[in-house]
Amino acid sequence: MKKYIFLILTAVVFFTNSLFAQKQPTPDIMVSITETESEEELEEFDFPEDTGLAKNVIKADIGAPFSAGLFELFDLIPSDTIRFPLEWEIAFSKHVAFQLEIESLSYLIVPAAASVTAGFSIYPLGKAPYDLFISVRGGGSFGLFYALSAQAQLGWQFILKNNFVISLGADFAYYYVMGGDQFYIPSVNFALGWAF
């Protein structure tokens, strides 16, 4: 008798499970719906086009004349010459950029000479002309005096979304005047400019 009751209960459970299983949607339909929805979403999404980063920078250093003027005012350096630099830079790789600088050398506000220097900037973080940079330039000056010049600069350059450039750093310029005289001008750089 117990065997018959066990068989009847097993048959009832089996038929009940099969009955409920037929009422539920099959997994194949659910998978196919999910796949078509995800494919439609992927088709509607468009990846943004690569925008080219700026490679050229033109900037004017307003920190160099200001700091040189303060150094002269407080007799911190043995030179009364103030620099007014304008710089153009073009990045031709991720780590290196070419620099050309034209500057006016003045005795306080009286122009004394013009200087042209050229060199390279190294960007250790590989984002030229963005971020940390170390630059070295060489050239010459002509006017009331003739000199050979060498300059070194360390700084950080920011290029904002509207291509506005802010460059902060420190600069050291050395001048060897024909005839044996020499002088140097350290300065704190604060340059503003435009990138394109």
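What counts, and at which threshold
Every residue gets a number counted from 1 within its own chain, in the order that chain's sequence is written. Only residues with pLDDT of at least 70 get local features here, since the model is predicted, and only at 80 or more are side-chain atom pairs given and counted; chain-wide, interface and lining totals rely on the full set of residues. To get the side-chain values, take all heavy atoms of the structure and skip hydrogens and water. A run of H or I in DSSP counts as a helix once it spans at least four residues, and a run of E counts as a strand once it spans at least two, with each numbered from the N terminus. In what follows, a contact means two residues having at least one pair of non-hydrogen atoms within 4.5 Å. Put simply, buried Ala, Val, Leu, Ile, Met, Phe, Trp, Tyr and Cys residues joined by side-chain atoms within 4.5 Å make one nonpolar core. We call a residue buried when its accessible area falls under 20% of the maximum for its residue type, exposed when it is over 50%, and partly exposed in between, using a 1.4 Å probe and counting protein chains only. Within a predicted model, pLDDT stands for the predictor's per-residue confidence, ranging from 0 to 100.

### Points about the environment of F133
Here is step 1: Locating F133 in the fold gives a position in strand β5 (residues 131-143).
Here is step 2: Sequence-wise, F133 and V96 are 37 residues apart; in three dimensions their C-alpha atoms are separated by 9.1 Å.
Here is step 3: Sequence-distant contacts of F133, defined by excluding residues within four places in its chain, comprise K59, S121, I122, Y123, P124, Q153, L154, G155, W156, Q157 and S167.

### Quick look at the nonpolar core
Here is step 1: Counting 12 residues, the largest nonpolar core consists of A68, I82, L105, A112, A113, F145, A147, A173, Y175, V177, F183 and I185.
Here is step 2: The set of elements that each furnish at least two residues to this core consists of β4 (110-122), β7 (164-177) and β8 (182-195).
Here is step 3: Of the residues forming this core, the biggest block, three residues, is contributed by β7.
Here is step 4: Once residues within four sequence positions are removed from consideration, I82 is found in contact with P65, A68, G69, S104, L105, S106 and L108.
Here is step 5: By size, the runner-up hydrophobic cluster in this structure holds six residues, among which are V57, I159, V165 and A195.

### Here's the deal with the confidence of the model for the chain
Here is step 1: This prediction gives the chain a mean pLDDT of 81; 73% of its residues lie at or above 70.
Here is step 2: Contacts of residues 47-51 to residues separated by more than four positions or lying in other chains number zero contacts, the stretch itself having pLDDT below 50.

### Here's the deal with helix α3 (residues 63-73)
Here is step 1: Along α3, the residues that are buried comprise G63, A64, P65, S67, A68 and E72.
Here is step 2: On its buried face, α3 sits against β1 (56-61), β2 (81-91) and β8.
Here is step 3: In the stretch just after α3, D75 is the one whose phi turns positive, near 55°.

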